[in-house]
Amino acid sequence: MEPAAAPPSSPPAPVAASPGSAELVCAQGRNLKAVLCQRCGSRVLLPGAATFARRELLLPAMRKKATADGDGDGGGDVLREHWLVRDMFSFENVGFTRDVGNVKFLVCADCEAGPIGWHCLDDKDSFYVALERVAHE
């Protein structure tokens, strides 16, 4: 799947979490725990700030700071479970890469580890943070 895929026409309905992520999602489909950077532990989202969503998105492989903008050829991962954030000001700590087509990738603002998520410039109200790329506390 290309990262430049068109955004969904309507907000995704709350989705049941898979067994591995069920302990992270409350009955309303929001994150029960804080979302942290896996590398430095910096807080990315507070509990309750995002909604669980399933969507196949291609994220470049995790990279060091110098190549985190996604223009290398290191491959990537198709990730399916994400925290969906509707307002960029809900983040406690996140950075954005330069535009890669019509996409910006999300990175930790402190250590620049990432990409941890994905944002399509065509949809100003959807920021996806991959569950596999972050820690929870």
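Just above sits the structure.
What you see is a predicted model; the values in this text were computed from it and never measured.

J.: Mind showing me how you'd approach the overall build of the protein chain here?
T.: Assigned secondary structure in the protein chain consists of zero helices and nine strands. Expressed as a percentage of its 137 residues, the buried residues of the protein chain come to 45%. The long-range fraction of contacts in the protein chain, counting pairs at least 24 apart against all pairs at least 6 apart in sequence, stands at 58%. For the protein chain, the computed accessible surface area is about 6900 Å², with 52% contributed by carbon and sulfur atoms.

J.: What exactly am I supposed to notice about the sheet that holds strand S3 (residues 51-60) here?
T.: The strand order across the open sheet built from six strands is S3-S4-S8-S7-S6-S5, with neighbouring strands paired in antiparallel fashion. The strands lining the two open edges of the sheet, one partner per strand, are S3 and strand S5 (95-96). Both S5 and strand S6 (residues 103-107) contribute to a ladder of two bridges, which runs antiparallel. Within S6, the position partnered with phenylalanine 96 by the bridge is leucine 106.

J.: I keep staring at the pattern of salt bridges and nothing clicks. Help me out?
T.: If the charged atoms of two oppositely charged side chains come close together, the side chains can form a pair. According to the stated counting rule, one finds five salt bridges in the structure shown. A salt bridge links arginine 54 to glutamate 81; the shortest N-O distance between them is 3.4 Å. Residue arginine 54 is found in strand S3, and its partner glutamate 81 is found in strand S4 (residues 76-85); the two are separated by 27 residues along the sequence. Between aspartate 99 and lysine 104 there is a salt bridge, and its shortest N-O distance comes to 2.8 Å.

J.: Looking at this model, I keep getting lost on the packing of aromatic side chains. Mind explaining?
T.: The geometry of two aromatic rings is summed up by the distance between their centres and the angle between their planes. In total, this model carries four aromatic pairs according to the counting rule given. Arranged with centres 6.0 Å apart and planes meeting at 85 degrees, the rings of phenylalanine 91 and phenylalanine 127 form a pair that is edge-to-face. Of the two residues, phenylalanine 91 sits in the loop between S4 and S5 while phenylalanine 127 sits in strand S8 (residues 127-130), which places them 36 residues apart along the sequence. What makes phenylalanine 127 buried here is its relative accessible area of 2%. Ring geometry for phenylalanine 96 against phenylalanine 127: centres 6.1 Å apart, planes inclined by 65 degrees, an arrangement best described as edge-to-face. Of the two residues, phenylalanine 96 is situated in strand S5 and phenylalanine 127 in strand S8; the sequence distance between them amounts to 31 residues.

What counts and how
- Residues numbered from 1 in each chain as written.
- Predicted model: local features only at pLDDT ≥ 70, side-chain atom pairs only at ≥ 80, totals over all residues.
- Heavy atoms only, no water.
- Helix = DSSP H or I, 4+ residues; strand = E, 2+ residues; numbered from the N terminus.
- Buried < 20%, exposed > 50% of the residue type's maximum accessible area, 1.4 Å probe, protein only.
- Contact = heavy atoms within 4.5 Å.
- Areas by Shrake-Rupley, 256 points an atom, 1.4 Å probe, with all protein chains shown as cover.
- Pairing = 2+ DSSP bridges.
- Salt bridge = Lys/Arg side-chain N within 4 Å of Asp/Glu carboxyl O.
- Phe/Tyr/Trp six-rings, centres within 6.5 Å; stacked < 30°, edge-to-face > 60°.

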